[in-house]
Amino acid sequence: MTLQIQSKQIVLLWLATTNNFGEPNVSPKELFLFKGRNKLIIANIASPKSIMNILENPNVCLSGIDIWKQKGIQCRGKAKILSPQNKRFKKVEQQFRPLNKGKLRIQHFIEIQITQHKEIEAPSYFYYPTTEEEDQINASKKIYLEALRF
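Here the structure is a predicted model, which is why all the values come from computation and not from measurement.

A. Region of interest: the pattern of salt bridges. Going through the model one piece at a time under the given rule, you end up with six salt bridges. The salt bridge involving Glu111 is made with Lys80; its shortest N-O contact spans 3.5 Å. Within this pair, whereas Glu111 is found in strand S7 (residues 108-121), its partner Lys80 is found in strand S6 (residues 71-82), the two being separated by 31 residues in sequence. Under the relative-accessibility criterion, Glu111 is labelled buried at 6%.

B. Main features of the sheet that holds strand S1 (residues 13-18). Read from one edge to the other, the open sheet built from seven strands follows the order S2-S1-S5-S6-S7-S4-S3, with strand pairing classed as antiparallel. Here the strands that pair on one side only, and so sit at the sheet edges, are strand S2 (24-29) and strand S3 (32-35). Looking at each pair of strands side by side, their axes are set apart by 30° on average, direction ignored. The sheet contacts of helix H2 (residues 48-56) involve S1, S2, strand S4 (39-44), strand S5 (59-66), S6 and S7, and relative to S1 the element is tilted by about 50°.

Calculation rules
- Residues numbered from 1 in each chain as written.
- Predicted model: local features only at pLDDT ≥ 70, side-chain atom pairs only at ≥ 80, totals over all residues.
- Heavy atoms only, no water.
- Salt bridge = Lys/Arg side-chain N within 4 Å of Asp/Glu carboxyl O.
- Helix = DSSP H or I, 4+ residues; strand = E, 2+ residues; numbered from the N terminus.
- Buried < 20%, exposed > 50% of the residue type's maximum accessible area, 1.4 Å probe, protein only.
- Pairing = 2+ DSSP bridges.
- Axes fitted to C-alpha atoms, helices over the stretch in contact; angles between N-to-C directions.
- Contact = heavy atoms within 4.5 Å.

So this is what it looks like as structure tokens:
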């Protein structure tokens, strides 16, 4: 299965970065596009620590899941920053217009060359091999709906 197909049900990615001292940082990313087989572009809205870390250490890891099925992807790769001064920034910004709809100010783009990726899933699929996606969807909905009552 391709990353583009896997990512269709993911609404939030978690991007992990580290600085030169190995201090980790994880931040959520809601605007992203998978391009081709091995490239991901993320809009940086408000994560200066991610940007600083990538400038020091381009190695990143990210993950995202379909919250209902509790299955998703994990990717590792090399990141680079596209600042507004970069000649490609405006072109990439145009590609994000349908996602952003002018709601958020994009500070930078983070372009990731994916070097590894794998499918991930909730541990219950492993510990309870008879678990079906429908079971996970129903359990997830129950948890989220109960949380909304509070």
